[in-house]
Protein chains: 2
Amino acid sequence: MGKKIVIIGAVAAGPKAASRLKRLRPDWEVTVVDQDSLISYGGCGIPYYVSGDVSDESELRATSFHVVRDADFFEHSKGVRMLTRTRALAIDREKKQVLVRNLDSNAEQQLVYDYLLLATGAKPFELPIPGMGLDGVFTIADLHRAIEIKARIAQGKVSRAVVIGGGAIGIEMAEALTDLWGIETTLLELAPQLLPKLVDRHFAMMLTRHLEEKGVIVHVRESASELLDDGQGKVCGVKTAQRVLEADLVIVAAGVRPRSELAQAAGLDVASWGGIRVNQRLQTTDPAIYAAGDCIAVTSLLTGQETYTPLGSLANREGRIVADNMAGIPSRFNGVCGSFIMKAFERCIAATGLTYEAALAGGFDADYALTAPSDRAHFFPDQAVVILQLVFDRRSRRVLGLQAFGMMNDSISARVDTAAALIAKGGTIEDFSLVEMAYAPPFSSAIDSINAAAHVAENMCDKRLRRVDLDRFLAWMEDMSIEPAWAVLDLRHPLESAAYVEKYGDKWVGMEYGQVRRRHHELSSGITYIILCNAGTRSYEVQVFLDHLGTIDNLVLCGGLNVISRLGVGWLLK
Amino acid sequence: MGKKIVIIGAVAAGPKAASRLKRLRPDWEVTVVDQDSLISYGGCGIPYYVSGDVSDESELRATSFHVVRDADFFEHSKGVRMLTRTRALAIDREKKQVLVRNLDSNAEQQLVYDYLLLATGAKPFELPIPGMGLDGVFTIADLHRAIEIKARIAQGKVSRAVVIGGGAIGIEMAEALTDLWGIETTLLELAPQLLPKLVDRHFAMMLTRHLEEKGVIVHVRESASELLDDGQGKVCGVKTAQRVLEADLVIVAAGVRPRSELAQAAGLDVASWGGIRVNQRLQTTDPAIYAAGDCIAVTSLLTGQETYTPLGSLANREGRIVADNMAGIPSRFNGVCGSFIMKAFERCIAATGLTYEAALAGGFDADYALTAPSDRAHFFPDQAVVILQLVFDRRSRRVLGLQAFGMMNDSISARVDTAAALIAKGGTIEDFSLVEMAYAPPFSSAIDSINAAAHVAENMCDKRLRRVDLDRFLAWMEDMSIEPAWAVLDLRHPLESAAYVEKYGDKWVGMEYGQVRRRHHELSSGITYIILCNAGTRSYEVQVFLDHLGTIDNLVLCGGLNVISRLGVGWLLK
């Protein structure tokens, strides 16, 4: 006889598991409950709905063949019983039943299950500050709130907005408000950088500079202490330790937390931070109860540690694996690299695996190769520089992560996705050095950027390439007394280096790349030269040459001026 | 004491090896000889130079920092001795020396080596037909020929062109001539399809249709038997078994062959088809002599067999590995997947690994999952359908290859590069199902196209999805008597299916996807229904449902009308 399946949550993991299960076991009875009326939507599309790129919210709930995924759709097309506006109140593990209540009729019923799936998702973190309840203050909790935000903007009610939280959603919302609606938008982030934990600081700096160029006002190390009332219950501003920001719209995007109250009340193992613990088959500590999506703790494939990666893409993968296992197919979910990508105006920023900071914190003998290659053949018309950083472990030579910042196209996807595939397989620097990137000039370089980054990493591991610490170099540019023996050796064309030589005198030596083999005797042995060019490749070659001479101390500025010019530092000329 | 290195060939593998070697062993004496005056160029960029996308040939020989890589550059910037216009005549393995002749002075000298690298590249296959020597007939042998072609076009001397050879270079040249210069261009290919061996027939059909839409005249199964003389030594046409084509320019792009005469004369092991045989360290049968680039035989990572993949990207990888090994770093080159990508007007076509046809020929229990997903979130404005085919082995579940045809952007790079990375690691369908593709709506779908293709493959392996053979279906549409019991079950919206139902009567049943669970009793048990929708996903769901009922024979048309509409078949309505 067919089994009875109950699924709590109908956004991503839930509907995916339900649909797959009905295909694997057409005779099983699958019931999905969700407290919302709008279900099975692409939550990651919300910023694009608010911006107007996606004109109607129903598109976020539609299939690729333009049918809206409502309860009727699941009933008739999928054979899934879908109970919307229905809240799960309690799980009785003994009797294997879930008590649910219809939020319109208040009618309650017990749903009996053989297997239960908790796909309860996440809830936005509500800031513990005054004013969170004011009119005009929103979290991105569900599609209804997004619809409200857009309606308010479309009615011309918003001229100044503050977005609290510099994670991906906050940044995407800031772009949507600024770009499409021309709203003066300020982005606040408590941490010292945007996208904390997702990218290293210099990548966040590049992103910040681009956001500022596009008109977003960005304040990091700054948190809201109060949302201000206009006297009539409507928000009129945001107070921080540094200032008061006027605002008629406040979006709080301060991260999300797993919704795990039901699991906790049912006595299942839940991490202190709220993630429901599951095994590789995504079973909770009760083998009849599975969990998937934004409510679970997952394992990092890099550290083996518990981590939290609330992503629609993972939720869908997990939902499918739950269906498999319920149906007797022993699929496993081994863990995550944690790939991330986002559009920010005309740029793309992405990462997979560990940042340098996270790798150090994880006890790795970590270092990083920072490069600035072209995103396709450098002679091809539309080519542009991309900043690419490979994080690796010097001891094992394992690659731990990749970060990229470049133009808004799919070229970064190609590198980050390839990296994630290799990292999940324990890929080493040598694997990255050899990985075959399909080559034609409109798409890539004969030596692809990801191969080139691996070459740099290899040269670092083998101690042929010694880099200057980027932060230390930036600090020295602000105050050269901190490293009195340093000077820059600028290998660029004299037309590029002349203004710097003029400004910094003997602290900035111009010597064109092609002349070093003839002019190296002009360099002084008491000085440590920071070798600098546009991308870092010439600098490395000159380092090797100078090291062979053996008398000239030197370090390479990896990524060269291509990185520096994107950081928004003040000392750059022109 | 430093060793002496001689390198023959200065296009890709040679200069790469030389430069790397001087970085690893600055005190070694590295000499490169090449019979050409133009060296170290991006040969893959030639079509883009001819088209005008790249305005000057020197850009193909320039570094990313815009310095031309001539002999002087190698001398002064790299410390490499570069002898251009110098032909290697013979290798004396006993004395470890190479006899070379300067083509201008005719002076000869012996170059002594500790290690020798053969980077002699490839030569275009010259067709054994009359007229190959006529004025106006070109092979793409080197940059000089490309410069001549472009000069001729720019002078307005070309109004009709024939390109012989429907491989990547032939197609790129046909695009260059048609698109930028408005030249009436005919593309001839001897094989039954364009890109033979690189993609399966239906992918070649999609490409052909797009080329034809863009004005290229394509004839497959047609070869040139003679190039016609206008009586003054200039080409005026191309004769084939089917017709005479007028032409004032003929480009012969009929593939390339390894240049291995020197190796052969020196008694090194050379395959019958000309590839120089090397071990994983890229040593020939003489351990002091290495070979790399378009002149060597490589190993397929899929079949373990000897294969030939003349690609600039591989030449660069190999050159680096040669330098490592000469310098004592034990790098290895294990083999190739054979990734390939190209722009064709507004489309991109790419592949890695084995085609279905090659997989069958290689003895695999091969099948393919043909899909037609969106290249990014289907609700995102710029999304477009991409045709993606995963080739796999049913027994081992190993993925053997991926082919893709879609819009001209980098989204296909992302999938093909990820696939190549996994295939090189022996990736299975399950690996493809789980591989983490960085997700945000502007870049991908929550279930990425590559994951979805793996799901289809898995469902095929597990016998949940049974597909109709595409060629058989196309044949049936031309002559329905070959399968009298077949009928189409069209799940699309009635507005989409109505015209077909009207035209084909009881051979074309329209039943909207969402109604099948209510209307399935209208289907007849004596008929085999070919289930069809736009992308194939609805069809699979309905197959599972019908199979569960157990009375209705059926097969799925994988990829659905999205594939069919790209093939250029005549029976499509609108």
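Just so we're clear, the structure is a prediction, and the values are computed from it rather than from any experiment.

Description of the nonpolar core
So, step 1. Counting 240 residues, the largest nonpolar core has Phe473 of chain A together with Phe473 of chain B as the members making the most contacts within it.
So, step 2. Listed in part, the 71 residues of the second largest apolar core include Ile531 and Ile552 of chain A together with Val100 and Leu268 of chain B.

Section: the interface of chain A and chain B
So, step 1. Between chain A and chain B, the contact holds 92 residues from the first and 93 residues from the second.
So, step 2. Interface area, chain A with chain B, both sides summed: about 7,900 Å², of which 59% is carbon and sulfur.
So, step 3. Seen at the junction of chain A and chain B, the total is 12 salt bridges.
So, step 4. With its nearest N and O atoms 3.5 Å apart, the salt bridge here joins Arg23 of chain A to Glu541 of chain B.
So, step 5. The interface formed by chain A and chain B contains 40 residue pairs in polar contact (both at pLDDT 80 or more).
So, step 6. At 9 residues, helix 10 (residues 411-424) of chain A tops the list of elements feeding residues into the side of chain A that touches chain B.

Thoughts on the sheet that holds strand 16 (residues 249-252) of chain A
All names here are of chain A.
So, step 1. Spatial ordering of the open sheet is given by 9-16-10-11-12, a layout of 5 strands whose pairing is parallel. Because the sheet does not close on itself, it has two edges, and the strands there are strand 9 (137-139) and strand 12 (217-220). If you compare each strand with its neighbour and ignore which way they point, the axes differ by 20° on average.
So, step 2. Where strand 10 (residues 160-164) and strand 11 (residues 184-189) come together, 5 bridges link them in parallel fashion. Each bridged residue has a counterpart across the sheet, and for Ala161 the counterpart in strand 11 is Thr185.
So, step 3. Relative to strand 11, helix 5 (residues 168-181) is tilted by about 170°, and along the sheet it contacts strand 10, strand 11 and strand 16.

Points about the packing of aromatic side chains
So, step 1. Going through the model one piece at a time under the given rule, you end up with 28 aromatic pairs over all chains.
So, step 2. Note on Trp28 of chain B and Tyr115 of chain B: the rings are 6.5 Å apart at their centroids and 40° apart in plane angle, and the pair reads as tilted. Separated by 87 residues along the polypeptide, Trp28 of chain B in the loop between helix 1 (13-24) and strand 2 (29-33) and Tyr115 of chain B in strand 7 (residues 115-118) bring together distant segments of the chain. Just as Trp28 of chain B is buried, Tyr115 of chain B falls in that class too.
So, step 3. Pairwise contacts between aromatic rings join Phe473, Trp476, Trp486, Tyr500, Tyr504, Trp508 and Trp571 of chain A into one cluster.
So, step 4. Between Arg257 of chain A and the ring centre of Phe125 of chain A, over which it is positioned, the NZ or CZ distance is 4.1 Å.
So, step 5. Between Arg538 of chain A and the ring centre of Phe65 of chain B, over which it is positioned, the NZ or CZ distance is 3.8 Å.

Comments concerning the sheet that holds strand 14 (residues 235-240) of chain B
Residues and elements named next belong to chain B.
So, step 1. Within the open sheet, the 3 strands sit side by side as 13-14-15. Their pairing is antiparallel. The strands lining the two open edges of the sheet, one partner per strand, are strand 13 (224-229) and strand 15 (244-246). Strand-to-strand twist in this sheet, taken as the mean axis angle between neighbours without regard to direction, amounts to 25°.

Brief notes about the confidence of the model for chain A
So, step 1. In the predicted model, chain A carries a mean pLDDT of 96, and 100% of its residues have values of at least 70.
So, step 2. Reported confidence for the predicted complex is 0.96 by ipTM and 0.96 by pTM.

Topic: helix 14 (residues 494-504) of chain A
A turn of α-helix holds 3.6 residues, and therefore any two residues three or four places apart point the same way.
Residues and elements named next belong to chain A.
So, step 1. Ser497, Tyr500 and Tyr504 are the residues of helix 14 that are buried. Burial along helix 14 is one-sided: seen end-on, the buried residues are contained in an arc of 60°. Across helix 14 from its buried face, at more than 90 degrees, point the exposed residues Leu495 and Glu502.
So, step 2. The secondary structure elements touched by the buried residues of helix 14 are helix 13 (470-478), strand 26 (486-490) and strand 27 (508-510).

Conventions and cut-offs
- The written sequence of each chain sets the order in which its residues are numbered from 1.
- Lettering for chains starts from A, numbering for ligands starts from 1, and both go in the order in which the items are written.
- Where local features are concerned, this predicted model is filtered to residues with pLDDT of at least 70; where side-chain atom pairs are given and counted, the filter is 80 or more; whole-chain, interface and lining totals use all residues.
- The side-chain figures draw on all heavy atoms in the structure; neither hydrogens nor water molecules are used.
- Here, the term nonpolar core denotes a set of buried Ala, Val, Leu, Ile, Met, Phe, Trp, Tyr and Cys residues that are joined through side-chain atoms within 4.5 Å.
- Only protein chains enter the accessibility calculation, which uses a 1.4 Å probe; a residue whose area is less than 20% of its type maximum is buried, one above 50% is exposed, and one in between is partly exposed.
- Contacts were defined at the residue level, with two residues in contact if any of their heavy atoms lie within 4.5 Å.
- Here the quantity called buried area is the total loss of accessible area, with a 1.4 Å probe, experienced by two parts when brought into contact, counted for both.
- In what follows, salt bridge is the name for a side-chain nitrogen of Lys or Arg lying within 4 Å of a carboxyl oxygen of Asp or Glu.
- Here a polar contact is taken to be a pair of N or O atoms separated by no more than 3.5 Å, where protein atoms must pair a possible hydrogen donor with a possible acceptor and residues adjacent in sequence count only if both atoms sit in side chains.
- Helix and strand definitions here come from DSSP, where helices need a minimum of 4 consecutive H or I residues and strands a minimum of 2 consecutive E residues; each element is numbered from the N-terminal end.
- Think of it this way: DSSP has to see at least two bridges between two strands before they count as a pair.
- To obtain each axis, a line is fitted to C-alpha atoms, and for helices this fit is confined to the stretch in contact; angles are then taken between N-to-C directions over 0 to 180 degrees.
- Stacked, tilted and edge-to-face are the three classes applied to pairs of Phe, Tyr and Trp rings, where Trp contributes its six-membered ring and a pair requires centres within 6.5 Å; stacked means planes under 30 degrees apart, edge-to-face means over 60, and tilted covers the rest.
- Think of it as a cone above the ring: NZ of Lys or CZ of Arg counts as a charge over the ring if it is within 6 Å of the ring centre and within 35 degrees of the ring normal.
- pLDDT is a per-residue confidence score from the predictor, ranging from 0 to 100.
- Our arc is simply the arc of the directions from the helix axis toward the C-beta atoms.

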